[in-house]
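# Coordinate inspection notes
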Amino acid sequence: ISEAFWLSSNCKYSPSYASSVSTAVNWITSLGMVALLDLHTNTLSGCQSPEQHNMADQAQSPVFWSQVARTFASNPLVAFDLYNEPHDISSAVWLKGGPTKDTATGITYNAAGMQQLYNSVRSSGAQNLVFVGGLGWAATPPTQLVKGSNVVYADHVYTGQASTVVSANMSLWTPLSATEPVVVTEFGNQSDPGQGTYNAAVIAFVRQQGWGWSAWAFVGGGGWFDVA
């Protein structure tokens, strides 16, 4: 989801957006499934169109999460993924925030760190699961952890290569998974028609480790990465 459409302070605000998100969430959770809401796009300044950036922004993202968390705090089947695929930032900025130069726009802005975003969720009173994506487009485990409870670390697996490389990539996360919950929240391979061999390798490794998984995407919305 996007903070740009959710926040009334943003010039891209859509009055019906929060209601549309709630409708989708209620449908998903009524079936007994978990709705994992991730902050996927944000804006850095002015009235630019929302995009994926290096990291969440200090100006809007903490407010976004306090509002979203408050909206869904009473539904334990809703989980919050704080920012989709952080990249090109230091471990310190990932955790605590700070200045960063955006690779997509060249804009220098103050990023919000994962700890601040987590704190924003908890300040709303919500105790829902919080997912925290790693560094390097969520492919590399963090070296510093978020302090708190009900925290899950999210790995994205898009190696685009053979199953042996898939295992090597995910093995980076096994030390962390010895003490912290890990879920592969996205994976896929556009060069593997039907996703059979690649996805089977990912799922086999995940099951061996006792992690959870969710493919990107099962059907529709994932383009070349669709499973079906």
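In this numbering scheme, every chain counts its residues from 1 along its sequence in written order. The model is predicted, so local features are restricted to residues of pLDDT at least 70 and side-chain atom pairs to those at 80 or more, both for listing and for counting; the totals for chains, interfaces and linings are taken over all residues. As a rule here, side-chain values cover all heavy atoms of the structure and leave hydrogens and water aside.

### Considerations on the overall build of the chain
Put simply, DSSP marks the helices as runs of H or I at least four residues long and the strands as runs of E at least two long, and each gets a number from the N terminus on. Scanning the chain for helices and strands turns up 9 helices and 8 strands. Every radius of gyration here is taken over C-alpha atoms, with the globule rule written as 2.2 Å times N^0.38, N being the number of residues. Computed over the C-alpha atoms, the radius of gyration of the chain is 17 Å, within 12% of the 17 Å expected from 2.2 N^0.38 for a compact globule of 228 residues. The buried label goes to any residue with under 20% of its type's maximum accessible area, the exposed label to any with over 50%, and the partly exposed label to all in between, with areas taken from a 1.4 Å probe on protein chains only. Expressed as a percentage of its 228 residues, the buried residues of the chain come to 50%. Contacts were defined at the residue level, with two residues in contact if any of their heavy atoms lie within 4.5 Å. The long-range fraction of contacts in the chain, counting pairs at least 24 apart against all pairs at least 6 apart in sequence, stands at 66%. Once the 7 positive and 13 negative side-chain charges of the chain are each reduced to a mean point, those two points are 11 Å apart. Charged residues are defined narrowly, with Lys and Arg counted positive, Asp and Glu counted negative, and His plus the chain ends left uncounted. The atom standing in for a charge is NZ when the residue is Lys, CZ when it is Arg, CG when it is Asp and CD when it is Glu.

### A closer look at the packing of aromatic side chains
Each aromatic ring pair is specified by the distance between its two centres and by the angle formed by the two planes. By convention, a stacked pair of Phe, Tyr or Trp rings (six-membered ring in the case of Trp) has centres within 6.5 Å and planes under 30 degrees apart, an edge-to-face pair has planes over 60 apart, and any other such pair is tilted. Tallied over the entire structure, the rule returns 6 aromatic pairs. Centre to centre, the rings of phenylalanine 64 and tryptophan 65 are 5.0 Å apart; their planes meet at 70 degrees, and the pair counts as edge-to-face. What makes phenylalanine 64 buried here is its relative accessible area of 0%. Put simply, the rings of Trp6, Phe64, Trp65 and Phe80 pair up and form one aromatic cluster.

### Some remarks on the pairing of strand S7 (residues 182–187)
In terms of burial, S7 is a largely internal element, 6 of the 6 residues being buried. At least two bridges found by DSSP between two strands is the condition for calling them paired. Where strand S6 (residues 151–157) and S7 come together, 5 bridges link them in parallel fashion. Note that in S7 the partner of valine 157 across the bridge is phenylalanine 187.

### Some points on helix H5 (residues 114–123)
In terms of burial, H5 is largely enclosed, as 7 of its 10 residues are buried. Residues of H5 that are buried: Met114, Gln115, Leu117, Tyr118, Ser120, Val121 and Arg122. Buried residues belonging to H5 abut helix H3 (61–72), strand S2 (78–81), helix H4 (91–96), strand S5 (130–133) and S6.

### Focus on the sheet that holds strand S1 (residues 35–38)
Taken in spatial order, the 6 strands line up as S1-S2-S5-S6-S7-S8 in an open sheet, and their pairing is parallel. Of all the strands in the sheet, the pair left with one neighbour each is S1 and strand S8 (212–213). When S7 meets S8, the two strands line up parallel, connected through 2 bridges. Across the sheet, valine 183 pairs through a bridge with glycine 212, a residue of S8. Where helix H2 (residues 17–30) meets the sheet, its contacts fall on S1 and S2, and the angle it forms with S1 comes to roughly 150 degrees. Lying over the sheet, H3 contacts S1 and S2, oriented at roughly 170 degrees with respect to S2. Angles shown run from 0 to 180 degrees and are taken between the N-to-C directions of axes, each axis being a line fitted to C-alpha atoms and, for helices, limited to the stretch in contact.

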